[in-house]
Amino acid sequence: MKMYLGVDYYPEHWDKDMIDEDLDRIKEMGSNIIRIGEFAWHMMEIREGEFDFSFFDMVIEKAKSKNIKVMFGTPTATFPAWLAKKEPSILSEDELGNKRVFGGRRQYCFNSEVYKDYAKKIVEKLINHYKEEEQIISWQIDNEFGHEGSDMCYCNQCHKEFQKFLKNKYEEIENLNKTYGTIFWGQTYNHFDEIPIPKPTITVHNPSFKLDWARFRSHSINSFAKLQINIVNELKGKNQTVTHNLPGGFFDKAYDQNVLAEKLDFISYDNYPVWGGLKEPIEAAEIALNHDYVRGLKNKNYWIVEELMGAQGHDVIGYLPRPNQAKMWAYQAIAHGCENMLFFRWRGMTRGAEQFCYGIIDSDNKEKRKYEEVKEFMKDIKNHEKIINSKIESDIGVLYDFDNTWSWKGQNQSIKFNFTNEILRLYRPFYNLNTNIDVIDIKNDFEKYKVLALPVMQIIDENLQKRLEEFADNGGTIIFSFRAGIKDKNNNLYFGLENPGLISELAGIRIDESESLVEDIEIVAKDNKEKYKANVWRDIISPNTAEVLYKYNDKFYDDKAAITRNKYGKGQVYYIGTGVSEDVLDELYRDIIKDQAIEYIDSPKGLELYMRKYKNKKYLFINNHTDKEIEFENDMIKAYESKIKSI
Ligand code: GLA
Ligand code: ZN
């Protein structure tokens, strides 16, 4: 399959007489595709019902004459001012009851029937207009659902829809009262229409209520998305595909992207390792985690439709990627399963809210360092298409469950808790050993893996318990971290069960008590008495069948376990009962990887190696994430240099 390489291009931002030259320059750089159209609703419907696609007809003709393909974005992330004025009910509302105003983007309510009607109309008109257009190979629906706080709305429409959602789920109000435990604080409801939405209150809302609200938000966003996906799938040309561009911060978004992914032909992702006022990019392991998460949504390679090249920020500009650093991030993305890539954006816009979201070309319109880096990347990466299209197979699965994520989001339990950090805590040591890692939802089959990690999986029901017991019985290795198994699917604590609940036998332990940590504590290795720091949380463990690997090193609990390992069937189960540091886990994981005969490579810190296989040959993507030269196997890898080598 031909590799698509290109840029995000907004021709409507520039004089028409610049378009030909822009397209020539974009082509000359090495592109064969542009993404256009997202955010341009007003250009397509200048007044209600007056549809006009002539501008984009012209752009597409020019692209065709230069043999540049097109990905077209539906424009529903930015509705026209005339619509906001005529129908203010489409505007979403924050938790304090403030209606969001026209001026930013994505300020619509996902449950607004009025908005859905207008969105349907523009999308139907657009797809019908271009369904025969072979230059358009793909449709991107909307833009980054849920990003920049747009996933939450507390308007009256959402309130009414939430009450309907609950009635559908519980049928009788008594079922809800029983599940929620509304007897507590006298919150028993007589009717569904008495149920609020979780706007601010005095102290906190009911945990089951908060989890249902999160499930409702996810249902709202995914329903709006499916409305568009179904229209595009019904109308599009046979050679056209449909996708959506996901932003990062997946676990901070109020919707399960696995549901959205079901109906997409492929996932698209916007890769921004740094944005806004950050001092430096997020760590390399987190960039990698994001890629592995995206690949895991459909368990197949994906597109990047916005690859960062310039410093990014709205009102506060971000960190400036050093020479070759953004190019190296592009190679890292390809290593982890990105098959087609568009860079954000051809030229930074000199007017409007994203003057400081720099592109390849700056306001001087000259071809400089960033342009040369993209050109070099495009020229080189085309030589590796076969490897890039190969499927990535991993022996390791890092599992997540959005109900569990939202349960933590509703009750952090520790002021030091951050969900993504806890996923990273169990992901990072595998990353450090340069293994291939899948990051997938627990609903996926996981028996093919040799090792499973379940970061802070506090919600574990009987179904998951049975699946995990079978996995370990058959020889698999499982790694739990703290608070595993304490809750049921209704976000309630199990009654009458010792923690860790349904996995007590699997882990071979009993948790006597637990504590959220504000400051570091110390643990000590059972064998060599080495001491290490731990934070965020601790489960104070008594082993049953498990062996103790690390104990707590403090006055009251120096006879209690911190980390245990239990033989279960042909497999083994680790319980990491506290927020341990990377060095403890690096050692533990080295044993696990060797015990399970999983391929890994040692490399100096900061040098990321990613193995790919094609026709029984192995290739290594080498990415230096540091500003220093690093030696690897008698080869000097320069600062932010990337290499692809057959091994
Ligand atoms: C996001 C959006 C783009 C643009 C960039 C700027 O990824 O998809 O429209 O706002 O951020 O960094
Ligand atoms: Zn709403």
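Residues numbered from 1 in each chain as written. Chains lettered and ligands numbered in written order. Predicted model: local features only at pLDDT ≥ 70, side-chain atom pairs only at ≥ 80, totals over all residues. Heavy atoms only, no water.

1. Re the packing of aromatic side chains
In this description, a pair of aromatic rings is defined by centroid distance and the angle of the planes. Taken as a whole, this structure holds 51 aromatic pairs when the rule is applied. Grouping aromatic residues by their ring pairs yields a cluster made of Trp41, Phe79, Phe102, Tyr108, Phe110, Tyr115, Phe145 and Phe224. The ring centre of Tyr118 lies 4.5 Å from the NZ or CZ of Lys121, which sits over that ring. Taking the ring centre of Trp14 as reference, the NZ or CZ of Arg347 above it sits at 4.0 Å. (Phe/Tyr/Trp six-rings, centres within 6.5 Å; stacked < 30°, edge-to-face > 60°. Lys NZ or Arg CZ within 6 Å of the ring centre and 35° of its normal.)

2. So, the packing of helix α10 (residues 284-298) against helix α15 (residues 419-432)
Interaxial distance between α10 and α15 falls to 10 Å at its minimum, and their mutual angle equals 95 degrees. On the basis of their axis angle, the class for α10 and α15 is roughly perpendicular. Contacts between α10 and α15 involve Ala284, Ala285, Glu286, Ala288, Leu289 and Asp292 from the former and Thr420, Ile423, Leu424, Tyr427, Arg428 and Tyr431 from the latter. When the residues that make up the contact of α10 with α15 are grouped by side-chain class, the tally is eight nonpolar, one polar and three charged. (Axes fitted to C-alpha atoms, helices over the stretch in contact; angles between N-to-C directions. Helix = DSSP H or I, 4+ residues; strand = E, 2+ residues; numbered from the N terminus. Parallel < 35°, antiparallel > 145°, perpendicular 65-115°, else oblique. Contact = heavy atoms within 4.5 Å. Nonpolar A, V, L, I, M, F, W, Y, C, P; charged D, E, K, R; others polar.)

3. Things to note about the side chain of Ser220
Assignment of secondary structure puts Ser220 in helix α8 (residues 207-235). Within the structure, the side chain of Ser220 is placed 3.1 Å from the side chain of Asn111, a separation counted as a polar contact. Those residues in contact with Ser220 that lie beyond four places of it in its chain are Phe110 and Asn111. (Polar contact = N/O pair within 3.5 Å; in protein donor to acceptor, adjacent residues only side chain to side chain.)

4. Observations concerning the coordination of the zinc ion (ligand 2)
Looking at the zinc ion (ligand 2), one finds its protein donor set to be Cys109 (SG), Cys153 (SG), Cys155 (SG) and Cys158 (SG), positioned 2.2 to 2.4 Å from the metal centre. Here the zinc ion (ligand 2) is ringed by four donor atoms whose angles at the metal span 100 to 121 degrees, and the overall shape comes out tetrahedral. Read in sequence order, the donor residues for the zinc ion (ligand 2) give the motif C-x43-C-x1-C-x2-C. For the pair Cys153 and Cys155, a shared accessibility class is recorded, and that class is buried. (Donors = N, O, S within 2.8 Å, 3.2 Å for Na, K, Ca; no water. Tetrahedral: all angles 85-135°; square planar, octahedral: opposite > 155°, others 65-115°. Buried < 20%, exposed > 50% of the residue type's maximum accessible area, 1.4 Å probe, protein only.)

5. A few points about the domain arrangement of the protein chain
Domain annotation of the protein chain identifies domain 1 (5-166 + 226-389), domain 2 (403-595) and domain 3 (617-646). Between the C-alpha centres of domain 1 and domain 2 there is a distance of 38 Å. Opposite the 19 residues of domain 1 that make contact, domain 2 presents 17 residues. Our count for the domain 1 to domain 2 interface comes out at two salt bridges. Here Arg428 ties to Glu283 by a salt bridge, and the two come within 2.7 Å at their closest N and O atoms. (Domains from an automatic or database assignment. Salt bridge = Lys/Arg side-chain N within 4 Å of Asp/Glu carboxyl O.)

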